[in-house]
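Observations on the three-dimensional arrangement
One letter stands for each residue in the lines below.
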Amino acid sequence: MNRLQSVRGMHDVLPDEAQLRRRIEQVWMEVAHGFGYEEIRFPLVESTELFRRSIGEATDIVAKEMYTFEDRNEDSLSLRPEGTAGCVRAAIQHGLIPNRQQRLWYLGSFFRHERPQKGRLRQFDQFGVETFGMCGPDIDAEILLLGWQGWQRLGLSPRLVLNTLGNPDERLIWRKQLVEYFSQFESQLEEDDRRRLKTNPLRLLDSKSKSIQDLLEEAPQLENLLGEESRTHFDGLRETLDAHGIDYAIDPRLVRGLDYYDFTVFEWVEESLGAQSALGGGGRYDRLVEQLGGRATPAAGFALGLERIRECLEATATTAVDVYLVALGEEATARMCALGMQLREQMPDLRIRTNMEAGSMKAQLRRADKSGARAVLIMGEEELSQKSVVLKFLRGPEEQQTVLLDNIKSALAEHFAPTG
RNA sequence: GUGAGCGUAGCUCAGUCGGUAGAGCACAGGAUUGUGGCUCCUGAGGUCGCGGGUUCAAAUCCCGUCGCUCACCCCA
């Protein structure tokens, strides 16, 4: 019988790392909160149809990376591979969209059946924001400012890469020109690139193959096809970013792999991560709401890969408790347990760990030391009869003292100032 | 889906020419009875990823498989 293990590409998060993960999540939740965004939660499973219609049939995500299955009613369901589709579906279903502005954020797990590697898991966590009902470049700028504040608070400074994909008409023309251009060189193209030329020619732009990169030098540029609206939008976004002193680079080759983007697209990139270097990305998707059955509504958003962000941060986990409770003998153990409950009620910020499995004084103090506790309370026969407890400090020069049970709260309060 | 490298104790790793396993850290107990950390002693802990093959004998050689890592691909 094989030893049970987690499924491929789906990792456990152990206590050391969990703490850092929680910090990252907290930063983003607080930043979104501070911008007046509201939380939304939606299911991990949706009908497969939803993802086909939003992300696009031809994308790799839908074509070969989804966890798709039939349930007992023979309905085709899929584990969500990204957040935007489900968020939009939920917003439409509950009337969150028409005739108003909406700013939402979400946090959760997503699933893609890809070959795992650094920065790429089959189950991964994302934080994302989606906004509806605002068509100007100022909302594009706002979500970038929101992101910028998050990076600041985490002490990171990923490179912001920006591009515009124009409107669908402009893009269609560009796409045709690209296909024509690359078709001349079809015989020189590698198999992957030839396939892309057929199915998703825009993706040739970010191909890593040398031949493509060389050919791109002379390839038709979308910039030359952009109309008034597209230009004004992009310029407006850039002005706002400049006004806030936010650094960015324009990369005309940034296209992204989901079909629903228009106008603005962007990524935050941290090169040191290796091949999977995008910490997050997003853009504007003005057609998606209508495409999914809602009233036409402009929209913009982004998503961040929490595991990748974690990779950039040092684990400085401190799982230390504050106070460790040591007791000798049955009666003292029971009395100490009660004292612990009392103190947790009186001082809810304190982390108080009770010794289990008895053990000698030596063993208990050793566990206290390992727990990282700054102070320990000790109760034995003597203290029991005196209605007192020994307060001993493990980390500082303070002498240990015997404290009456009635005074223990104030004695602790002297050494553990309430935080936050 | 493709390619390369790697799977030995909880962790990091050693293991020669095939002769059925070791270290450090971590863990538990002790060094005169109720005081942690440092030191010393002792102990516990291993289906050598899994399955098959070759052999008198496999952690070691061969095949398969699962997993990890990195890259392609793709994206967060």
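Predicted model, so just to flag it, every value in this text is computed and none were measured. Numbers given to residues run from 1 along each chain, matching the order in which its sequence is written. Following the order in which they are written, the chains are lettered starting with A and the ligands numbered starting with 1. Owing to the predicted nature of the model, reporting of local features is limited to residues with pLDDT of at least 70; listing and counting of side-chain atom pairs is limited to 80 or more, with chain, interface and lining totals taken over all residues. Side-chain metrics in this entry use all non-hydrogen atoms of the structure; hydrogen atoms and water are not considered.

**What to know about the overall build of chain A**
Helical segments are the DSSP runs of H or I of at least four residues, strand segments are the runs of E of at least two, and each set is numbered from the N terminus. Broken down by element type, chain A carries 15 helices and 16 strands. Atoms counted for the radius of gyration: C-alpha only. Globule rule: 2.2 Å times residue count to the power 0.38. The C-alpha radius of gyration computed for chain A amounts to 28 Å, which surpasses the reference 22 Å derived for 420 residues by more than 25%, pointing to a less compact arrangement than a globule. If you line up chain A on its principal axes, its C-alpha atoms span 95 × 60 × 45 Å. Only protein chains enter the accessibility calculation, which uses a 1.4 Å probe. A residue is then buried if its area is under 20% of the maximum for its type, exposed if over 50%, and partly exposed in between. Burial status across chain A gives 49% buried among its 420 residues. The contact rule is simple, with two residues in contact once any of their heavy atoms fall within 4.5 Å. Long-range contacts, defined as pairs at least 24 residues apart, comprise 70% of the intrachain contacts of chain A with a sequence gap of at least 6. Areas reported here follow the Shrake-Rupley algorithm with a probe of radius 1.4 Å; residue values treat only the protein chains shown as occluding. Summing over all exposed atoms, chain A offers an accessible surface of approximately 22,300 Å²; the carbon and sulfur share of this is 47%. For chain A, the centre of its 53 positive side-chain charges and the centre of its 67 negative side-chain charges are spaced 4 Å apart. Charged-residue counts in this description rest on Lys and Arg as positive and Asp and Glu as negative, His and the chain ends being excluded. Note on charges: their place is set at NZ of Lys, CZ of Arg, CG of Asp or CD of Glu.

**Some words on the domain arrangement of chain A**
In terms of domain boundaries, chain A breaks down into domain 1 (15-167 + 227-312) and domain 2 (323-415). For the purposes of this description, domain bounds are those given by an automatic or database domain assignment. One C-alpha centre belongs to domain 1, the other to domain 2, and the line joining them spans 49 Å.

**A short note on the packing of aromatic side chains**
Pairing of aromatic side chains here covers Phe, Tyr and the six-membered ring of Trp, requires ring centres within 6.5 Å, and sorts the geometry by plane angle: under 30 degrees stacked, over 60 edge-to-face, intermediate tilted. Applying the stated rule across the entire model yields 15 aromatic pairs. Where Y181 meets F182, the ring centres are 5.1 Å apart and the plane angle is 80 degrees; that geometry is what we call edge-to-face. Taking the centre distance of 6.3 Å and the plane angle of 70 degrees together, the rings of F266 and F302 count as edge-to-face. Highlighted residues: F266 in strand 9 (residues 262-269) and F302 in strand 11 (residues 299-305), separated in sequence by 36 residues. For F266, a relative accessible area of 1% corresponds to the buried category. A network of ring pairs unites the aromatic residues W28, W105, F127, W151, F266, W268 and F302 as a single cluster. Either the NZ atom of lysine or the CZ atom of arginine qualifies as a charge over a ring when it sits within 6 Å of the ring centre and within 35 degrees of the ring normal. Of note, R80 hangs over the ring of F110, and the distance from its end group to the ring centre comes to 4.3 Å.

**Section: the packing of helix 12 (residues 330-346) against helix 15 (residues 408-415)**
Convention adopted: a line fitted to C-alpha atoms gives each axis, helices being fitted over their contacting stretch, and angles between N-to-C directions are expressed from 0 to 180 degrees. One way to put it is that helix 12 packs onto helix 15 with a least axis distance of 11 Å and a crossing angle of 55 degrees. By the angle between their directions, the pair helix 12 and helix 15 is classed as oblique. For the pair helix 12 and helix 15, the sense of crossing is right-handed. Residues L339, L343 and Q346 of helix 12 form the contact with helix 15, whose own contacting residues are I408, K409 and L412. Throughout, the term roughly parallel applies to angles under 35 degrees, roughly antiparallel to angles over 145, roughly perpendicular to angles from 65 to 115, and oblique to all others. A clockwise turn of the near helix away from the far one marks a right-handed crossing, whereas an anticlockwise turn of less than a right angle marks a left-handed crossing.

**Section: the side chain of T131**
On the secondary structure map, T131 appears in strand 6 (residues 123-132). Of the residues examined, T131 reaches a relative accessible area of 0% and is grouped as buried.

**Observations concerning the environment of S207**
For S207, the position within the fold is in the loop between helix 7 (191-199) and helix 8 (210-216). Exposure remark for S207: the relative accessible area of 4% places this residue in the buried category. It is 30 Å that separates the C-alpha atoms of S207 and L107, two residues lying 100 residues apart in sequence. Those residues in contact with S207 that lie beyond four places of it in its chain are D193, R196, I212 and Q213.

**Considerations on the sheet that holds strand 13 (residues 352-354)**
Spatially, 13-12-14-15-16 is the arrangement adopted by the five strands of the open sheet, whose pairing is mixed. The sheet is open, and its two edges are formed by strand 13 and strand 16 (401-404), each paired on a single side. On average, adjacent strands in this sheet sit at an angle of 30 degrees to one another, irrespective of strand direction. Sheet strands in contact with helix 13 (residues 361-370) are strand 12 (323-327) and strand 14 (375-379), and its direction is about 170 degrees off that of strand 12. Paired strands, as defined in this entry, are two strands with at least two bridges between them according to DSSP.

**Let's talk about the protein's contact with RNA strand B**
Taken together, 51 residues are adjacent to RNA strand B, and R112, R196, R203, R256 and K370 come closest. Being near a molecule or strand, for a residue, means having at least one of its heavy atoms within 4 Å of it. The sugar-phosphate portion of RNA strand B accounts for 54% of its atoms within 4 Å of the protein, the bases making up the rest. By the criterion applied in these results, polar contacts are pairs of N or O atoms within 3.5 Å in which, for protein atoms, one can donate a hydrogen and the other can accept it, and in which residues neighboring in sequence qualify only through two side-chain atoms. Contact distances for RNA strand B include 3.2 Å between a sugar or linking oxygen and a side-chain N or O atom of E65. R203 places a polar side-chain atom, nitrogen or oxygen, 2.2 Å from a phosphate oxygen of RNA strand B. Within the residue set of the surface near RNA strand B, elements represented by two or more residues are strand 6, helix 7, strand 10 (278-284), strand 11, helix 13 and helix 14 (381-386). Split by residue class, the surface near RNA strand B holds 13 nonpolar, 15 polar and 23 charged. In this count, Pro and Cys sit with the nonpolar residues alongside Ala, Val, Leu, Ile, Met, Phe, Trp and Tyr, while Asp, Glu, Lys and Arg are called charged and the others, Gly among them, polar.

**Observations regarding the sheet that holds strand 2 (residues 45-47)**
Taken in spatial order, the three strands of this open sheet run 2-4-3, and their pairing is antiparallel. Two strands close off the open sheet at either side, each with one partner strand: strand 2 and strand 3 (68-70). For this sheet, the mean inter-axis angle between neighbouring strands, taken without regard to orientation, is 35 degrees. Pairing between strand 3 and strand 4 (residues 76-79): three bridges, direction antiparallel. Along strand 4, the bridge assignment pairs F69 with L77.

**Things to note about helix 13**
Within helix 13 the residues assigned to the buried category are A363, Q364 and A368. Across the axial projection of helix 13, the buried residues extend over an arc of 140 degrees, all falling on one side. Seen from the buried face of helix 13, the exposed residues on the opposite side, beyond 90 degrees, are K362 and K370. Each element contacted by the buried residues of helix 13 is listed here: strand 12 and strand 14. Once helix 13 finishes, G372 follows within two positions and takes phi at roughly 80 degrees, a positive value. Directions drawn from the helix axis to the C-beta atoms are what define this arc.

**Quick look at the pairing of strand 12**
Here strand 12 lies mainly inside the structure; five of its five residues are buried. Every second residue of strand 12 is oriented toward a common face, with V323, L325 and A327 on one face and Y324 and V326 on the other, all of them buried. Bridge count between strand 12 and strand 13: three bridges; the pairing is parallel. Looking at strand 13, one finds that Y324 is bridged to R353. A clockwise path from the first strand over the helix to the second, with the strands pointing away from the viewer, defines a right-handed crossover. Considered for its hand, the β-α-β crossover made up of strand 12, helix 12 and strand 13 is right-handed.

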